[in-house]
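# Structural characterization, general
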Amino acid sequence: MAASAAEGNGEAWRPPRVLVVLSRYNASVTGRLLRGAVGAYGRAGGESADLRVVEASGAFELPCLAAAGARSGRFGAVVALGCIVKGETAHDQVLAAAVTAELCRLSAACGVPVGLGVLTVNTPEQALERSGGRLGNKGAEAMEAALASARQLALLMRDGLDAAEVSARLDAGEAPDKVRAPRPGAAEAADRLGAVPGQVRAGRGVGVASRAKGGAGGVRGGAGGGAGVAGGAGAGT
């Protein structure tokens, strides 16, 4: 996914800071997923200094660390990478369901996209095929999905639309490409599309005073209102 011009004002979009949470379990596979994610971030125009990688002991610990990053306000997206391989019991199914559900809930609650790069496979061979083999690299796909959601969130926040308003207008049958009309005072909400989505809010009577310099700080100052838009993004397995 290449960096592209922002809709409406021709401004080039730069990927926000991203936190990658990497499971150490099945490291021969998750290391390959990490390489795919890092490569995708660079191809999108991201700077290496804006990419933070932290390690988790295993897949079960991914949601905790992902939540800390999403709630910190320092990152515009989070990518979770792991590998769960089927064993003799149903442990893998229980673990995969729990981890996926928690990452999904986290994204919706925080309004920060979470890229799902957690493989759930029957054999180690299937894992290798999906981490840079003949079936692609799910780490790269998770990063691409998270960045795509981050960009759409930035556009929505710029236009002053919160989650409830978007949902209501879509439920009323309005075309998705029309659910973008700005309301008074919203133009100041995000003057740079790379701002951290969780910190970009439409002003309530007053615009946001300023934006941080660089990709990490988001928008500071001002009286922001409105809820974040959930943007969970899965890579599939």
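Note that this is a predicted model, so its numbers are computed, not measured.

Burial of nonpolar side chains together is a common tendency in soluble globular proteins. Val18, Val20, Val79, Leu81, Leu119, Met143 and Leu147 are the most contacted members of the largest nonpolar core, which has 26 residues in total. Take this core: its biggest share by element is seven residues, from helix α5 (residues 138-158). Once residues within four sequence positions are removed from consideration, methionine 143 is found in contact with Val18, Val20, Ala37, Ala40, Tyr41, Leu51 and Val79. In terms of nonpolar packing, the next biggest core, distinct from the first, is built from 21 residues, Leu103, Leu106, Cys110 and Val118 among them.

Counted according to the given criterion, the structure contains seven salt bridges. Across the pair glutamate 55 and arginine 24 runs a salt bridge, and its minimum N-O distance is 3.8 Å. Here glutamate 55 is found in strand β2 (residues 51-56), whereas its partner arginine 24 is found in the loop between β1 (18-23) and α1 (27-43), with 31 residues between them in sequence. Arginine 24 sits in the partly exposed class, given a relative accessible area of 46%. Through salt bridges that share partners, Glu129, Arg130 and Arg134 make up one connected network.

Let us now look at the environment of glycine 115. For glycine 115, the position within the fold is in strand β4 (residues 114-121). Using a relative accessible area of 0% as the deciding quantity, one classes glycine 115 as buried. Taking the C-alpha atoms as reference points, glycine 115 and valine 79, separated by 36 residues in sequence, lie 4.4 Å from one another.

Let us look at the packing of helix α2 (residues 62-71) against helix α3 (residues 91-110). Packing of α2 against α3 brings their axes to within 10 Å, and their N-to-C directions diverge by 10 degrees. Of the possible angle classes, the one that applies to α2 and α3 is roughly parallel. Contacts from Pro63, Ala66, Ala67, Ala70 and Arg71 in α2 reach Val99, Glu102, Leu103, Leu106 and Cys110 in α3. Of the residues belonging to the contact of α2 with α3, the class tally is eight nonpolar, no polar and two charged.

Looking now at the pairing of strand β3 (residues 77-85). When you tally the buried positions in β3, you get eight out of nine residues, the bulk of the element. As paired elements, β1 and β3 share five bridges and run parallel to each other. Bridging from a neighbouring strand, valine 21 pairs with alanine 80 of β3. Across eight bridges, the pairing between β3 and β4 is parallel. Its bridge partner lying in β4, glycine 82 is registered against valine 118. After leaving β3, the chain enters α3 and then returns to the sheet as β4, a path that is right-handed.

A few words on the confidence of the model for the protein. Across the protein, the average pLDDT comes to 75, with 62% of residues at or above 70. Within the protein, β1 carries the highest mean pLDDT (96), whereas strand β9 (residues 219-220) carries the lowest (34). Low pLDDT (under 50) marks residues 200-237, which in the prediction has 112 contacts with non-local residues, meaning those over four places away or in another chain.

Turning our eyes to something else, we now look at α2. Among all positions in α2, only Leu62, Pro63, Ala66, Ala67, Gly69 and Ala70 are buried. The buried residues of α2 all sit within an arc of 165 degrees when viewed along its axis, so they share a single face. Exposed side of α2, more than 90 degrees from the buried face: Cys64 and Arg71 are the residues found there. Buried residues in α2 make contact with β1, β2, β3, α3 and β4.

Let us now look at the pairing of β1. Counting buried residues in β1 gives six out of six residues, a clear majority hidden from the surface. Both faces of β1 are covered, namely the face carrying Val18, Val20 and Leu22 and the face carrying Leu19, Val21 and Ser23. Relative to β2, β1 is paired through six bridges, and the arrangement is parallel. Among the inter-strand pairings, valine 20 is bridged to a residue of β2, identified as valine 53.

Each value, and the rule that gives it
Along every chain, residues carry numbers that run from 1 in the direction the sequence is written. Per-residue local features of the predicted model are confined to residues with pLDDT of at least 70, and side-chain atom pairs are confined, for both listing and counting, to 80 or more; whole-chain, interface and lining totals are unaffected and use all residues. Excluded from the side-chain calculation are hydrogens and water; included are all heavy atoms of the structure. Among the buried residues, those of types Ala, Val, Leu, Ile, Met, Phe, Trp, Tyr and Cys that are joined through side-chain atoms within 4.5 Å form a nonpolar core. Think of it in three bands: with a 1.4 Å probe and only protein chains considered, a residue is buried below 20% of the maximum accessible area for its type, exposed above 50%, and partly exposed in between. Where helices and strands are cited, they refer to DSSP runs of H or I of at least four residues and of E of at least two residues respectively, numbered from the N terminus. In what follows, a contact means two residues having at least one pair of non-hydrogen atoms within 4.5 Å. A pairing counts as a salt bridge when a side-chain nitrogen of Lys or Arg comes within 4 Å of a carboxyl oxygen of Asp or Glu. All axes are obtained by fitting lines to C-alpha atoms, using only the stretch in contact for helices, and the reported angles, taken between N-to-C directions, cover 0 to 180 degrees. The cut-offs work like this: below 35 degrees is roughly parallel, past 145 is roughly antiparallel, 65 to 115 is roughly perpendicular, and the gaps in between are oblique. For this scheme, ten residues count as nonpolar: Ala, Val, Leu, Ile, Met, Phe, Trp, Tyr, Cys and Pro. Four count as charged, namely Asp, Glu, Lys and Arg, and the remainder, Gly too, count as polar. Each pair of strands is called paired provided DSSP finds at least two bridges between the two strands. For crossovers, right-handed means that the path from the first strand over the helix to the second runs clockwise, given strands pointing away from the viewer. pLDDT measures how confident the predictor is about each residue, on a scale from 0 to 100. Directions pointing from the helix axis toward each C-beta atom define the arc.

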